[in-house]
Amino acid sequence: MERKLYFGTTQQLQNKQYQYPTNFIRTSRYNMITFLPYSLALQFQRMANIYFLIIAILSFFKSISPFSPINSIAPLLFVVSLSMLRDGYEDYQKHLSDNELNSSPTTIWTSGGFVKKTWKDVLMGDIIKIDELEIISADIVVLQTSQDGICFIETSSLDGEKNLKPKQAVKETQTMECREGVIECINPNALLYNFDGTLFLESKKIQLTHKNFLLRGSKLKNVKWAIGVVVYTGIDTKVMRNSEKQKNKMSNIDRLINVRIIYILIMQTFSCLILAIIYGINCDIHNINFDYFNDDIYDPDIPNCALASLMTFAAYFLLLNTLIPISLIVSLEFVKVGQGIFMQKDREMYTAENDKYVKVFSTTINEELGQVQYVFSDKTGTLTCNKMEFKLSVCGNETYGDVSMFDKHEMSTFVGNQIIRRQSTLHSRRSTVVNEKAGIEYTFSGAVIQSIITETDPMKNPNIGLNVDTYLIRNQGDLVKENLMLLATCHECVLEFQDDGTFNYQGPSPDEIALVDAARRLNIVYRGITMGMMEVDVLGVKEKVELLFSFEFNSDRKRMSVIIKHKGVIKLYTKGADAIIKQRLGPNQPFLAGIDKKLDMFSRKGLRTLCLAMRVLDEKQFNEFSQAMNDTLGGNDAEKQQTELINKIEQNLTLIGATAVEDKLQDDVPETLADFLKANINVWMLTGDKLETAENIGRSCNLLQEQMDVFFLTPGCDILQIFNRIADHVIQKPTTKRAMIIEGIVLAVLSENENLTKYLVLLAPHLHTVICCRVTPKQKADMVRLVKNELGKITLAVGDGANDVNMIQEAHIGIGIYGQEGMRAVQASNYAIGEFKCLWKLVLFHGRQNYIRISEMILYFFYKNIIFTVPQFYFAFFCGLTGTSVFDEFFVSFYNTVFTFLPVVIRAIFDEDVFYTQQRKETLLGSKRITQGVEENDILKQSYPLLYYIGQKNTIFTNEKFFKWFSIGIFQGLACFFSFYLELNDTTFIKQSGYNNDLWFFSMSMSTAIMILVTLKLALNTQFWTIITWIAYLGTSLGTYFAYMWISNIIPSAAIFGTTQMLFSSYAFYLSLALSVLSMFILDLLMFTIKTSKDTLLNYMKRQARQNQQLDIAKISKLEKKLQEQISEMEMPGFELFQKRSLVDSSFSLSDNTSKDGDRKDNQ
């Protein structure tokens, strides 16, 4: 034990020496002092903001700045202020939430008795009182309760499990008023189910375990009050140990923009350096006089030409700053907000059940929705509805219940005539009982079971003559009754009474509740237990059943047993996993073969199955067992000895039946996951449930498919050996899909061994599905972090409970689901959805479109700024390198903020390349699916996930395409400048009136050509046209530009005053404009023709979806196969994996944790 604490009003003061943390918690990032510096530092993580801060500072020096400082300062202030305001508002909401939590009331023991205080006042060693339904303020050890030391807690906010967990006080503190003592316990850790300590009470040493431990954040249920002593406070509590600081999420595109900006900055610096050197050389050759320099800026010790070169460098550094567009940051903000609004208004992602649309909390990562490579999902409430439905009951050779999920061949397995009679009505059944709180749904028709129990006709109730030891089960009705008695007595459920006198069951798992509730609906009703005596209503008759022993279910035993005494007969009832029960059966089992076959069928359908078995003990056997159990008490190895005795008594069982329960999946979960796998998205399910439950859900939602080879990592296994088997499987069977199921205890071992962790990272890309069960919230985040950091892949995490917050915050993209477990997951997420199926359109459609739109927008932005800035560079050689701008100051200011702003924003919000259904309606705001009166063509939707590779592989915003657009901009800027220079240079007189072609005539001609060219370029790459698109291109772009020309023409103070009229009255202008635009645009037309001539899958599907009513399935299949081959190139070749495996094995040979050499040889 490493932590010691004193409790009680007289001894508690001794805790000050240990400096334990207070119970005050803070999840916000800033305070009044740190907000400004920390938020500013966050904003200047963007290279563009740093760059324009430097530009803004330099623009204040009038001797080098060609423009007013306001042109540089205003956009920067706008962008930074907007981002800081948004960041501050989000953090302010967290402050409000923290204050509300810290000010929550609690009851603390003082010398004057119990008094009301707040959570932040709780200290180590305080004795606190918790009332029913109250949230526990700190981690405590329970001392007393209102019900003989027993209490129940609900931990849905911690581990996602809504079911009650039984806790108890040690009998020494329950029977006396304990107000002073000493506790030694383990140091705080993140393991929710781990606690060990010792209570020193007077002269006694009392062992404390997790059964005496209540967690902060859990809710007290089913008892009026509980009293406990605080052992962990504040940041030391389990819930805070499992929480992590909020991450500042920056999209991958933003990181790439930073890199591209560095490229352009290098080019800009190089260009300015060239101009400065040339000017310096020219200055030295011609001996230019600098007497006009002021003394303030001229140092006689510095050669005049050197100073002039430096000033030339600074002047052109400012003049060419338009290479890096600050308006890109503003435009991205507008685009992402616009995309977020349309995602929130998408009716196809509306969930009627909870009346929720998609909610977008963070638009900064919209494009990453189109680049997801790994999805990490919670199970309960995320993939499932968290509702258990009792589906099937097998009693001997007879099967009762819903068999509509089985085909005709499988139906032949069932021998009960009642199934055939009910087959026609199965699909029309509806739920008769739904208990949202308990998480169960009951649709089972019990008429046949209820009738056979009381049936006396041997034709309808055949004799079976089953001997269970000395106990005879005469007929099928008695066997059914025995099965139901087992369900009604072999459990850990408790009764939760309602105000109207009725009751519901609460228990450690929803499936256990479903089984007890099913027995209740079939007239075998468990009515509670008092002093070890159960009350069971059997067909309307109340009977007393004495509970002699109860052996709980855990991950090691994988079964639960009770020993009861009913009508003078001592019975041992056991229910558990089929593999475990079959090991404990006696010889000559009449029902084993049939039940085994049916269980196999149930498992393939994803049902959660249990075997039911029993044994009858005589008085002598029971007394010997009971005495042996009592003899172990007080021994050093009491737990081990008791386990051995229990294993011994749970032998020679007789199999009497089985059950199948369905954890209902949310709508379209299997289809959504199947399309994710088709889109080459790996899916990992992370859950706190036990292995069998996780495996069953994995099969029912098609994460685990029949053709998959599944590898298990369970406690005690040889991890290295299994990893080697997976590596061999990848090498020998590269085309076979594979999955891995791993328990949380094994993950803890992996995290402590660097070599094993590296091996897992090596194998991860080859595992199509990974299921992690019995994991803590922190382990969920650790798995996400492992894939994100070590593999460098874009990750998405989705969950609905507070236990999912860590992984939601750790992933690149966090998705919260409006579920039944509170709003913590939604509040911590970037996007919130009503149910899991909404991910299909959010990721595969909106995500893909957002990536394409934003990537093309950024490339276009750099292109239009390069073609606009390059003439400034060329003009430097014709103006004597004086830093004169070739364009009017207002045109420079309005080019990005007005003339070209709206078209690129509109395109990035509305453009579509391929819609996911053939039948669609084109509206002003985008495409809508037509479903009324038209049968939707699923072929296109089934193939649509294959197009997701565009974002996954980042095929658009690449270095190659960036430099391609960059080069086109340089070429077209060169063509624009010199075409007008050559065409207009020799035209001395433009009109008979005598006006000549001055600088502004040349400048306005060139700017007009640039405006037309960039608009045509954008239009050429636009694939979805609406009225809004036309208005943006013609009205707000070219329209505002020509308006600017005519307004400036009549303002005497304008630099281009009178130029516009002269321009439009000159034939030379029109001819030069046509030749210039044509010479520049012909390159775009040529590239566009080459691009569209390729019969890619994307163009093929677009053409067919818009023009043909019938899709050629054969061609699509062929193209799918071709695309899959391209995707498979991403996977690691077998020989490379073999080489890496050899390196890993060699590293293990140098480690103390290596496996034995003999085992390694066996693996090879």
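Residues numbered from 1 in each chain as written. Predicted model: local features only at pLDDT ≥ 70, side-chain atom pairs only at ≥ 80, totals over all residues. Heavy atoms only, no water.

## Quick look at the nonpolar core
Filter applied, for reference: We call a set of buried residues a nonpolar core when its members are Ala, Val, Leu, Ile, Met, Phe, Trp, Tyr or Cys and they connect through side-chain atoms within 4.5 Å of each other. Relative accessibility thresholds used throughout: buried, under 20% of the residue-type maximum; exposed, over 50%; partly exposed, between the two (1.4 Å probe, protein chains only). Helix and strand labels come from DSSP, where a helix needs a run of H or I of at least four residues and a strand needs a run of E of at least two; each type is numbered from the N terminus. Contacts: residue pairs with any heavy atoms within 4.5 Å of one another.
Judged by nonpolar contacts, the single largest core of 108 residues is most densely connected at Ile858, Phe891 and Met1006. Sort the elements by how many residues they give to this core and helix H27 (residues 838-875) lands first, with 17 residues. Among all residues touching Ile858, those that are not within four sequence positions of it are Ile253, Ile257, Leu328, Leu332 and Phe957. Core analysis: the next-biggest nonpolar cluster, separate from the first, contains 74 residues, Val468, Met485, Val516 and Val616 among them.

## Section: helix H12 (residues 447-454)
Structurally, the α-helix is built with 3.6 residues per turn, so residues lying three or four positions apart point the same way. The condition is simple: In this context, the arc is that of the directions from the helix axis out to the C-beta atoms.
Of the positions making up H12, those classed as buried are Ile449, Ile452 and Ile453. Across the axial projection of H12, the buried residues extend over an arc of 105°, all falling on one side.

## Looking at unusual backbone geometry
With a phi angle near 55°, Leu539 is a residue other than glycine that sits in the positive phi range. You can see Leu539 is positioned in the loop between strand E25 (533-538) and strand E26 (541-551). Assessed through its relative accessible area of 36%, Leu539 is described here as partly exposed. Residue Asn702 is not a glycine yet carries a positive backbone phi of 70°.

## Regarding the environment of Arg725
In this fold, Arg725 is placed in helix H21 (residues 719-732). Along the sequence, Arg725 and Phe711 sit 14 residues apart, while their C-alpha atoms lie 8.7 Å from each other.

## Focus: the packing of H27 against helix H33 (residues 999-1020)
Pairs of packed helices are described in terms of their axes, by the angle between the two and the distance that separates them. Applicable threshold: Axis lines are fitted through C-alpha atoms, for helices just across the contact stretch, and the angle between N-to-C directions can take any value from 0 to 180 degrees. Throughout this description, any angle smaller than 35 degrees is read as roughly parallel, any larger than 145 degrees as roughly antiparallel, any in the 65 to 115 degree range as roughly perpendicular, and the remainder as oblique. We call a crossing left-handed when the near helix sits turned anticlockwise from the far one by less than a right angle, and right-handed when that turn is clockwise.
In contact at an axis separation of 11 Å, H27 and H33 are set at 160° when each is read in the N-to-C sense. In terms of orientation, H27 lies roughly antiparallel with respect to H33. Two packed elements cross with a definite hand, and for H27 against H33 that hand is right-handed. Of the residues in H33, those touching H27 at Tyr860, Tyr863, Lys864, Ile867, Phe868, Pro871 and Phe875 are Leu999, Met1006, Ile1010, Leu1013, Val1014, Thr1015, Lys1017 and Leu1018.

## Thoughts on the confidence of the model for the protein
This is how the line gets drawn: How sure the predictor is of each residue is captured by pLDDT, a score from 0 to 100.
Taken as a whole, the protein shows an average pLDDT of 80; of its residues, 82% reach a score of 70 or greater. Mean pLDDT values over the elements of the protein span from 30, in helix H11 (residues 417-422), up to 94, in strand E28 (residues 569-576). The model gives residues 1150-1164 a pLDDT under 50, and that stretch makes 18 contacts with residues more than four places away or in other chains.

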